[in-house]
Amino acid sequence: MAAAVCATGFKGGLSSSFHGSWGKSVGGEDFPMLAKTVPSHVRVGKPVRLQPMMGNVNEGKGLFAPLVIVARNIIGKKRFNQFRGKAISLHSQVINEFCKQIGADSKQRQGLIRLAKKNGEKLGFLA
């Protein structure tokens, strides 16, 4: 396959004559047809963003879940969440005092708090 390339200054541009099928199909006589098939504007929709999953894996399961759900429905979601926040805070304080008494460091204390949360989820307290 032979190729002849000649450059004639920058004002005239670069001209090339390629002797092969590629030169004819892309830059040659088929170019106007290819230009028509390519859309001039492409619409791209907004990317779908999934909501983060911030829920209890054991939602509605556990021994105490029905009791918790009934209590939430009776007193209302806002008051129930305030009450639950206070209960969690008091429980964390009890864990902190226990850790002080036995001489546990902060890493062990955080581990106990995580364990309490997991147990609360399994038992249905966080339903």
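Everything below is about the structure shown above.
Computed from a predicted model, the values in this text were never measured in an experiment. Here, residues in each chain are numbered from 1, in the same order as that chain's written sequence. Reporting in this predicted model follows two pLDDT cut-offs: at least 70 for local features of residues, and 80 or more for side-chain atom pairs to be given and counted; totals over whole chains, interfaces and linings ignore these cut-offs and use all residues. With hydrogens and water set aside, each side-chain value is computed from the structure's full complement of heavy atoms.

(A) Region of interest: the overall build of the chain. Each helix corresponds to a stretch of at least 4 residues labelled H or I by DSSP, and each strand to a stretch of at least 2 residues labelled E; elements are numbered beginning at the N terminus. Within the chain, the regular secondary structure consists of 5 helices and 2 strands. Secondary structure elements in the chain, listed N-terminal to C-terminal, are β-β-α-α-α-α-α. Here the chain holds 127 residues, and 11% of them are scored as buried. Whether two residues touch is decided by their heavy atoms; if any such pair falls within 4.5 Å, the residues are in contact. A sequence separation of at least 24 residues applies to 49% of the contacts in the chain between residues at least 6 apart. Per-residue and other accessible areas follow the Shrake-Rupley method at a 1.4 Å probe size, with only the shown protein chains counted as cover for residues. Per element, the accessible surface of the chain, about 11,300 Å² overall, is 63% carbon and sulfur. Throughout this description, buried means an accessible area under 20% of the type-specific maximum (1.4 Å probe, protein chains only), exposed means over 50%, and partly exposed covers the range between.

(B) View of a nonpolar patch on the surface. Patch rule: a residue counts if its relative accessible area is over 30% and it has no salt bridge; like charges are joined within 9 Å, and nonpolar side chains (Val, Leu, Ile, Met, Phe, Trp, Tyr) within 5 Å. Whenever Lys or Arg places a side-chain nitrogen within 4 Å of a carboxyl oxygen from Asp or Glu, that contact is recorded as a salt bridge. Nonpolar side chains collect at one region of the surface, where Phe98, Ile102, Leu112 and Leu115 lie side by side and expose about 360 Å² of accessible area between them. Elements with a minimum of two residues in the nonpolar patch: helix 4 (77-102) and helix 5 (106-123). With respect to the helices, strands and loops of the structure, leucine 115 is situated in helix 5. By relative accessible area, leucine 115 is classed as partly exposed at 44%.

(C) Broad picture of the packing of helix 4 against helix 5. Fitted lines through C-alpha atoms give the axes, limited to the stretch in contact for helices. The angle between two N-to-C directions lies from 0 to 180 degrees. Taken N-terminus to C-terminus, the directions of helix 4 and helix 5 make an angle of 145°; their axes are 10 Å apart at the nearest point. Like other packed secondary-structure pairs, helix 4 and helix 5 cross with a definite hand, here right-handed. Where helix 4 approaches helix 5, its residues His91, Ile95, Asn96, Phe98 and Cys99 are matched on the opposing element by Arg109, Leu112, Ile113 and Ala116. We call Asp, Glu, Lys and Arg charged. Ala, Val, Leu, Ile, Met, Phe, Trp, Tyr, Cys and Pro are nonpolar, and the rest, Gly among them, are polar. Class assignment for the residues of the contact of helix 4 with helix 5 results in 6 nonpolar, 2 polar and 1 charged. Helix crossings fall into two classes, left-handed where the near helix is turned counterclockwise from the far one by less than a right angle and right-handed where it is turned clockwise.

(D) Broad picture of the layout of surface pockets. Space inside and on the surface of the protein is sampled on a 1 Å grid over the protein atoms alone, with a cavity defined as a set of points where a 1.4 Å probe fits but cannot get out and a pocket as an open set with protein on both sides within 12 Å along at least 5 of 7 lines; lining residues have an atom within 4 Å of a point. Grid points are joined across faces, edges and corners, and a volume is the space filled by probe spheres set on the points. If you add up the space inside the largest pocket, you get close to 420 Å³. What lines the largest pocket is a set of 15 residues, and nearest its centre among them are Arg84, Ala87, Ile88, Phe125 and Leu126. Of all the secondary-structure elements, those providing two or more residues to the lining of the largest pocket are helix 4 and helix 5. Examining the composition of the lining of the largest pocket, we find that 8 residues originate from one element, helix 4, more than from any other.

(E) Geometry of the packing of helix 3 (residues 65-75) against helix 4. Interhelical geometry of helix 3 versus helix 4 gives an angle of 125° and a closest axis separation of 6 Å. Classified by the interaxial angle, the pair formed by helix 3 and helix 4 is oblique. Residues Val68, Ala71, Arg72 and Ile75 of helix 3 pack against Lys77, Arg79 and Phe80 of helix 4. For the contact of helix 3 with helix 4, a count of residues per class yields 4 nonpolar, no polar and 3 charged. Comment on the angle field: the value is read as roughly parallel under 35 degrees, roughly antiparallel over 145, roughly perpendicular from 65 to 115, and oblique elsewhere.

(F) A look at the environment of leucine 126. Tracing the backbone through its elements, the reader meets leucine 126 in the segment after helix 5. The sequence separation of leucine 126 and isoleucine 69 amounts to 57 residues, and the corresponding C-alpha distance is 9.5 Å.

(G) Main features of the environment of lysine 61. Assignment of secondary structure puts lysine 61 in the loop between helix 2 (31-37) and helix 3. For the pair lysine 61 and leucine 123, spaced 62 residues apart in sequence, the C-alpha separation works out to 7.6 Å.

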